[in-house]
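Chain residues, written in single-letter form:
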Amino acid sequence: NGLKINKKLATNIAKYVSRVSLSLEGSDTINSYKMRKHKNFFKHTLYLIDLFKELKIDVNVKTLVTKQNINDIINIGKILSKKRIKYWLLLKFLPLNKGLKITSKYNLTQKEYEDLINKTKEEFPNIDIKSKNYELQEKKYCFIISNGKVETYLKDKGDFEIGDLEKESLKDIIKKIK
């Protein structure tokens, strides 16, 4: 998420939004790579958190919680506790569409997920920690993929691309999902 966002693009984005959401699934380059398969993802996400804060844009961080990173969540929390983020959203892996192929490798039981949420909230009372299961979500949302593509998810369509930041503005893309 956001690997193509540099200072110039972030400054442009900041004109249209009051908050950005960035993904962080590992507490270091190695753990992040396990989830995102890009060696620069971890460092760039931390850079973007600081950059958007400098631009006076609230930042929330999303972490997709899976079997692959469940033991690293507390370490991610230690990093985020030093940042001034708006909130930290812990998302339960939802095995839909592409995720159905990797369910056994990533999916947690509801109990494992709830236990982690409780433990994390106890460990970091200074962070506003939220949890979400998109299976129950009715609102529309979008994700900026590291290649600049923007995707959303609808129950009847699954994951699909709605725009490309190299070809159109985020403002125009967002209008498509309203």
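Given the structure is predicted, the values throughout are model-derived calculations rather than measurements.

The subject of this paragraph is the overall build of the chain. Secondary structure assignment for the chain yields seven helices and seven strands. The helix and strand sequence of the chain, counted from the amino end, reads α-β-α-α-β-α-β-α-α-β-β-β-β-α. Considering only residue pairs separated by 6 or more positions, the chain has 62% of its internal contacts joining residues 24 or more positions apart. Just so you have it, the chain exposes about 10,200 Å², and 49% of that area is on carbon and sulfur atoms.

The next subject is helix H4 (residues 73–80). With six of eight residues buried, H4 lies mostly within the body of the structure. Those residues of H4 not exposed but buried are Ile-73, Ile-74, Ile-76, Gly-77, Ile-79 and Leu-80.

Here we come to unusual backbone geometry. In most cases, non-glycine residues show a negative phi, while peptide bonds are predominantly trans. One non-glycine residue, Lys-56, adopts positive backbone phi at about 65°. Locating Lys-56 in the fold gives a position in the loop between helix H3 (41–54) and strand E2 (58–65).

This part is about the sheet that holds strand E4 (residues 129–132). Overall, parallel pairing links the four strands, which are arranged E1-E2-E3-E4 in an open sheet. Since the sheet does not close on itself, it has two edges, and those belong to strand E1 (19–23) and E4, each with one partner. Averaged over all pairs of adjacent strands, the angle between their axes in this sheet comes to 25°, without regard to strand direction. Note that strand E3 (residues 87–92) and E4 share four bridges and pair parallel. The partner of Leu-91 across the bridge, within E4, is Lys-132. Each of E2, E3 and E4 touches helix H6 (residues 110–123); the most contacted strand, E3, lies at about 165° to it.

This brings us to the pairing of E2. The element E2 is extensively covered by neighbouring structure, given that six of its eight residues are classed as buried. Bridge count for E1 against E2 is five bridges, and the pairing is parallel. Pairing of Val-20 across the sheet is with Val-59, part of E2.

Every buried residue of helix H1 (residues 7–14) is accounted for by Ala-10, Ile-13 and Ala-14. Projected down its long axis, H1 shows its buried positions confined to an angular sector of 100°, all on one face. Check the buried side of H1 and you find it contacts E1, H3 and helix H7 (170–176). The residue sitting at the N-terminus of H1 and contributing the capping side-chain oxygen is Asn-6; that oxygen lies 3.2 Å from the backbone nitrogen of Lys-8.

When two helices pack together, their arrangement is given by the angle between the helix axes and the distance between those axes. With their axes 8 Å apart at the nearest point, helix H2 (residues 29–36) and H3 run at an angle of 100° to one another. In terms of orientation, H2 lies roughly perpendicular with respect to H3. Between H2, through Thr-29, Ser-32 and Arg-36, and H3, the contact on the second element is made entirely by Phe-41, Phe-42 and Lys-43. Looking at the contact of H2 with H3, its residues break down into two nonpolar, two polar and two charged.

As a further point, take the pattern of salt bridges. It is possible for side chains bearing opposite charge to pair when their charged atoms get close. In total, this model carries six salt bridges according to the counting rule given. Here Glu-54 ties to Lys-7 by a salt bridge, and the two come within 3.5 Å at their closest N and O atoms. Linking Glu-54 in helix H3 with Lys-7 in helix H1, this pair joins segments that are 47 residues apart in sequence. On the basis of relative accessibility, which here comes to 44%, the residue Lys-7 falls in the partly exposed class.

Cut-offs used in this document
- Residues numbered from 1 in each chain as written.
- Predicted model: local features only at pLDDT ≥ 70, side-chain atom pairs only at ≥ 80, totals over all residues.
- Heavy atoms only, no water.
- Helix = DSSP H or I, 4+ residues; strand = E, 2+ residues; numbered from the N terminus.
- Contact = heavy atoms within 4.5 Å.
- Areas by Shrake-Rupley, 256 points an atom, 1.4 Å probe, with all protein chains shown as cover.
- Buried < 20%, exposed > 50% of the residue type's maximum accessible area, 1.4 Å probe, protein only.
- Pairing = 2+ DSSP bridges.
- Axes fitted to C-alpha atoms, helices over the stretch in contact; angles between N-to-C directions.
- Arc of directions from axis to C-beta.
- Polar contact = N/O pair within 3.5 Å; in protein donor to acceptor, adjacent residues only side chain to side chain.
- Parallel < 35°, antiparallel > 145°, perpendicular 65-115°, else oblique.
- Nonpolar A, V, L, I, M, F, W, Y, C, P; charged D, E, K, R; others polar.
- Salt bridge = Lys/Arg side-chain N within 4 Å of Asp/Glu carboxyl O.

Everything listed here is a matter of geometry and, on its own, says nothing about what the molecule does.
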